[in-house]
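Next come the chains, spelled out residue by residue.
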Amino acid sequence: MSIKTVNPYTGKEIQEYEEVSKDNVREMVSKMRLGQSTWGWNMDSRVDYFKNVLKPNLLKRREELGKLMSMEMGKPISQSLAEIDKCIKLVDYALESFREFLEPEFVKTEGKKTYVRFDPLGVIFIIMPWNFPLWQVMRAAVPAMFAGNAVVLKHASIVTGTGMMIEEIFENEMFRSIPVSGWKAQELIKYFDGVSFTGSTQAGISIAEEASKNLKKTVLELGGSDPFIVLQSANVSEAAENALYARLQNNGQSCIASKRFIVHENVFDEFREKLAGHFSTVKIGDPLIKDTYLGPLSSSNQANTVKEQISDLSKMGKVEIFGKVQDNIIPPTIAELSKSYQEEVFGPVAILMKFRENQEALRLANDVPFGLGSSIWGNSEEAELLAPKIQAGMVFINKMVASDPRVPFGGVKRSGIGRELSKYGLKEFTNIKTVWVDH
């Protein structure tokens with residue numbers, strides 16, 4: 001069988017790739033495990049690799065990779081290049097901090113010496129989505145490999161070309177990318193020592209079920225329906241300006257995009273007017289044009305899903321679309337609702353709701369099955385009082401939610417299990433080993 005990639009803007013086929021078999025994967029993992037036994041115990045060699053191979057390769061192929069990412073999934077080219085730059089910063093941070101984070105931690109006991117080691121698990125399977133086709137891979141693979149593991153990537157089929165180019169950029173036998181679509185990725189989990197998955201909640205449940213059968217460590221980064229709370233004390237102009245990118249980044253296809261705008265009734269009309277003004281001026285079109293702000297959704301299936309959701313929202317409240325819906329392009333959209341909408345909308349649709357008291361804002365923010373990120377806009381002291389009561393893995397105050405190598409990324413409830421990035425994500429795929437030496 002083969003995989004065909006298609007440009008979601010033009011509808012034209014880009015490339016065709018032959019799939020690998022399960023037997024091929026099993027043999028690959030066996031060979032990688034042999035190599036990992038050397039890779040995993042030579043920190044100096046790993047540091048040298050990230051500094052002198054991976055980072056230069058990312059810089060050298062930046063333009064080429066950015067164009068391919070935009071062609072395969074529709075991301076505006078400016079955002080593709082920014083994504084690559086962010087990945088380079090991740091490598092820089094790893095070189096700056098990860099070695100220290102992996103140092104043994106000494107514990108005072110009655111023994112002669114007691115400490116905790118962080119040793120690699122082996123070969124890690126990362127199953128990644130199409131929406132941030134490089135960043136999602138890097139934030140899983142770089143910590144895992146720095147900790148001494150080998151990594152096999154199963155990328156989303158629609159970005160198969162990007163997955164194969166990433167393997168070339170890594171230029172390391174401890175990183176491989178496998179083109180797979182015709183059989184389920186969970187069938188491969190038993191061959192690995194851990195699995196990291198980013199994607200839908202339902203797919204994550206299937207991955208977790210298979211992993212649990214084989215007692216494999218998992219990290220799951222799943223869906224989100226992040227609240228964007230605008231308090232009465234907020235600078236409304238600033239909040240609305242940030243809401244533009246918070247909702248439309250990556251054509252609205254981001255797990256941490258702000259999706260539900262919960263606005264105090266006294267500033268609601270002003271916020272809505274300013275957000276509508278921003279939405280109405282967005283440049284929509286070819287993602288390969290430098291100043292395009294909003295391109296097509298990643299596929300016709302994704303576009304049809306969002307169109308159906310907009311239809312459902314129109315039955316629940318007032319919907320305004322700022323442009324013409326055409327093929328896979330869905331313009332910025334505002335839906336004003338008076339009751340909660342439980343689904344995640346993975347497209348450029350902002351759901352607006354009013355609140356009167358801060359306790360009501362908290363109730364609305366938490367009234368969904370997801371708990372990934374959240375942002376609160378207003379007086380910082382007032383906003384910070386709400387942070388402990390927000391059911392989410394991340395709370396940003398007067399700043400839109402963003403992943404950053406220095407702080408942990410992840411959620412609660414149906415948004416996932418475990419963390420990526422920072423010292424916490426680095427240690428997810430390590431054997432946290434106690435060593436006790438007596439007199």
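Keep in mind it's a predicted model, so treat the numbers as computed, not measured.

(A) Region of interest: the packing of helix 4 (residues 77-101) against helix 5 (residues 135-146). Contact geometry of helix 4 with helix 5 gives a least axis separation of 10 Å together with a crossing angle of 15°. Classified by the angle their axes make, helix 4 and helix 5 are roughly parallel. Crossing handedness for the pair helix 4 and helix 5: right-handed. Between helix 4 and helix 5, the contacting residues are E83, K86, C87, L90, V91, A94, L95, F98 and R99 on the first element and W135, M138, R139, V142, P143 and F146 on the second.

(B) Spotlight on empty space enclosed by the protein. Following the criterion strictly, the structure yields three cavities of 30 Å³ or more and no others. For the largest cavity, the full set of lining residues is R139, A140, P143, A144, S196, V219, R419, E420, G425, L426, E428 and F429. Here the lining of the largest cavity takes four residues from helix 5, the largest share from any one element. Across the lining of the largest cavity, the residue classes tally to six nonpolar, two polar and four charged. Of the voids in this model, the second largest cavity is the one considered here, and its volume is about 70 Å³. Forming the walls of the second largest cavity are 15 residues, and the residues nearest its centre are P227, F370, G371, G373 and Q391.

(C) Focus on the side chain of N149. Within the secondary structure layout, N149 lies in the loop between helix 5 and strand 6 (150-155). Residue class for N149 comes out buried when judged on its relative accessible area of 0%. A polar side-chain atom of N149 sits 2.9 Å from the main-chain carbonyl oxygen of F429. Setting aside its immediate chain neighbours within four residues, N149 contacts Q36, W39, P120, L121, G122, I124, A144 and F429.

(D) Just the packing of helix 3 (residues 62-73) against helix 6 (residues 160-170), in detail. In the contact formed by helix 3 and helix 6, the axes pass within 9 Å of each other and the chain directions differ by 160°. Here helix 6 runs roughly antiparallel to helix 3, going by the angle between their axes. Two packed elements cross with a definite hand, and for helix 3 against helix 6 that hand is left-handed. Along the contact surface, helix 3 presents E64, L65, L68, M69 and E72, while helix 6 presents T160, G161, T162, M165 and I169. Split into classes, the residues belonging to the contact of helix 3 with helix 6 amount to five nonpolar, three polar and two charged.

(E) Expanded view of the layout of surface pockets. Volume-wise, the largest pocket comes out at about 1,100 Å³. Lining the largest pocket are 44 residues, and of these W130, F197, G199, S200 and A203 lie nearest its centre. Sorting elements by how many residues they give to the lining of the largest pocket places helix 7 (residues 201-213) first, with five residues. Its volume calculated, the second largest pocket comes out at about 410 Å³. For the second largest pocket, the lining is made up of 21 residues, of which K86, F132, Y245, Q249 and A402 are closest to its centre. When residues of the lining of the second largest pocket are traced back to their parent elements, those giving at least two are helix 4 and helix 5.

(F) Looking closely at the packing of aromatic side chains. Applying the stated criterion to the full structure yields 17 aromatic pairs. The interplanar angle of 70° and the centroid separation of 5.2 Å between the aromatic rings of Y49 and F50 together place this pair among those described as edge-to-face. A relative accessible area of 6% means that Y49 is categorised as buried. Relative to F146, the ring of F98 lies with its centre 5.5 Å away and its plane at 90°, an arrangement referred to as edge-to-face.

(G) Examining the sheet that holds strand 3 (residues 105-106) more closely. Strand order in the open sheet formed by three strands is 3-4-20, and the pairing between neighbours is antiparallel. If you trace the sheet from one side to the other, it starts and ends with strand 3 and strand 20 (430-437), each paired once. With eight bridges joining them, strand 4 (residues 113-120) and strand 20 adopt antiparallel strand pairing. When the sheet's bridge partners are listed, D119 is paired in strand 20 with N431.

Calculation rules
- Residues numbered from 1 in each chain as written.
- Predicted model: local features only at pLDDT ≥ 70, side-chain atom pairs only at ≥ 80, totals over all residues.
- Heavy atoms only, no water.
- Axes fitted to C-alpha atoms, helices over the stretch in contact; angles between N-to-C directions.
- Helix = DSSP H or I, 4+ residues; strand = E, 2+ residues; numbered from the N terminus.
- Parallel < 35°, antiparallel > 145°, perpendicular 65-115°, else oblique.
- Left-handed = near helix turned anticlockwise from the far one by under 90°.
- Contact = heavy atoms within 4.5 Å.
- 1 Å grid on protein atoms, 1.4 Å probe; cavity = no way out; pocket = protein on both sides within 12 Å on 5 of 7 lines; lining within 4 Å.
- Points joined across faces, edges and corners; volume = space filled by probe spheres on them.
- Nonpolar A, V, L, I, M, F, W, Y, C, P; charged D, E, K, R; others polar.
- Buried < 20%, exposed > 50% of the residue type's maximum accessible area, 1.4 Å probe, protein only.
- Polar contact = N/O pair within 3.5 Å; in protein donor to acceptor, adjacent residues only side chain to side chain.
- Phe/Tyr/Trp six-rings, centres within 6.5 Å; stacked < 30°, edge-to-face > 60°.
- Pairing = 2+ DSSP bridges.

Nothing here speaks to function; it is geometry throughout.
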